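Spelled out from the first residue to the last, the chains are:
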Amino acid sequence: MPRRKAGPRLWWRRDEAQWVILDTVDGKRVQHRTGCGEGDSAGAEAALERYLGSKRLAPGGPVSASEFMIAQALGVYAQEHGPSLKSPASLGYAIDALLPFWGELKVSAIRGELCRAYRNKRGVSDGTVRRELGVLAAALSHCRKEGYLIEAPTVWLPPMSQPRDRWLSRGELARLLWAARRVPHLARFILIGYYTGTRSGRVKALQWFPNLSGGHVDLAAGVLYRQPALDPVSKKRATPARMHRRLLNHLRRWSREGGQWVVEWRGAPIRSVKRSWNDARQRAGLGPDVVPHILRHTAITHAMQNRAKINDVCSLFGITMRELERTYLHHHPDHQQSALEALGR
């Protein structure tokens, strides 16, 4: 008697340290990675549920919005697009938040009023709701493009929040750096973060030589490479950055101390600077609104205040012209100047 085929199930893949979904398709065993580690069994179970939902899709080509469940759309999106993401777990978190409210509804039920009801029920910031509903919109778009849906309704999104305009004056930056002088890894973190405007995660991953897990510094050329060679391109641009001579002098001195990572603690890369950052911030007399990402804001703001060329700012800091105009352009002394002069002629 032939053995009964097992259905989709979770399996711990030891060599990759994550849960995967095992299934049999056309007589062949296939695996779908969940991106969930050993301690995230709940996330793995949720990924399996989404996969099972996507398996229940009706065959026969694209269907109308009234014949397609939102849970199915999210499941298809997670299964087909999730593995291509650098952090598929973040997609899973958004889907887990969406499913209790939307999962049992048809795609045709989506309308602005219901989206606003979801925002009210979630009770979190508009920024979080916008990201979650953005995942819903992306899932519908994916299903339409891939031939599952004939049409997809528009998903209402909360308005974008105003960009933060908090940055450090040169005096505040000096106080923060002085407060961190006895914590070498934090002082390095601050100097690199300010002089290159590099995001925190990439500063922590920097190594002295080219590698496949993080960026590196080229001391001979004076260039900081923010991303590893095989890192996929993301919306958060990570362009190479030339380094200021002051930072370069520090880096050359640090490199003589040995080690693998540019910013390390006891021979290992740092995972977080939260505790040491908050201690230094408080010693410097700065408020809780001063978070590590403020170094990037400060660097770009100072560059604009000192009349840096717009194209050079975009290139050095890996920022788009759209974001520069939205957040930083008003800091440039020549902003709108030609228009003002034209009015006075």
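Residues numbered from 1 in each chain as written. Predicted model: local features only at pLDDT ≥ 70, side-chain atom pairs only at ≥ 80, totals over all residues. Heavy atoms only, no water.

### Some points on the overall build of the protein
Check the secondary structure of the protein and you find 14 helices and eight strands. Sequence separation of at least 24 residues holds for 58% of the intrachain contacts in the protein that already meet a minimum separation of 6. (Helix = DSSP H or I, 4+ residues; strand = E, 2+ residues; numbered from the N terminus. Contact = heavy atoms within 4.5 Å.)

### A few points about the nonpolar core
Counting residues in hydrophobic clusters, the biggest one holds 45 residues, and the most contacted among them are Leu186, Phe189, Ile190, Ile192, Leu251, Val262 and Trp277. Counting only elements with at least two residues in this core, the list comes to helix H6 (170-179), helix H7 (184-196), helix H9 (245-255), helix H10 (274-283), helix H11 (294-305) and helix H12 (310-317). Take this core: its biggest share by element is seven residues, from H7. With near-sequence residues (within four places) excluded, phenylalanine 189 lies in contact with Ser200, Val203, Lys204, Val263, Val273, Trp277, Pro292 and Leu295. Within the second largest apolar cluster, 29 residues are counted, among which are Leu74, Trp102, Tyr118 and Leu133. (Core = buried A, V, L, I, M, F, W, Y, C linked by side-chain atoms within 4.5 Å. Buried < 20%, exposed > 50% of the residue type's maximum accessible area, 1.4 Å probe, protein only.)

### A short note on H12
Note on helix geometry: an α-helix contains 3.6 residues per turn, so any two residues three or four positions apart are oriented the same way. Buried within H12 we find Val313, Cys314 and Phe317. Burial along H12 is one-sided: seen end-on, the buried residues are contained in an arc of 95°. Once H12 ends, the next one or two residues include glycine 318, with phi positive near 65°. (Arc of directions from axis to C-beta.)

### Quick word on the pattern of salt bridges
Under the defined criterion, the tally for this structure stands at eight salt bridges. Of the charged contacts, one joins glutamate 172 and arginine 166 as a salt bridge, the two residues approaching to 3.3 Å between their closest N and O atoms. Residue arginine 166 is classed as partly exposed on the basis of its relative accessible area, which comes to 26%. In this structure, the salt-bridge partner of arginine 326 is glutamate 323, at a minimum N-O distance of 4.0 Å. With a gap of three residues between them, arginine 326 and glutamate 323 both fall in helix H13 (residues 321-327), about one helical turn apart. (Salt bridge = Lys/Arg side-chain N within 4 Å of Asp/Glu carboxyl O.)

### So, the confidence of the model for the protein
Low-confidence regions, as indicated by low pLDDT, have predicted coordinates that should not be scrutinised in detail. Per-chain confidence: the protein averages 87 in pLDDT, with 92% of residues scoring 70 or above. The low-confidence segment residues 1-5 (pLDDT under 50) makes one contact with residues lying over four places distant or belonging to another chain. (pLDDT = per-residue confidence, 0-100.)

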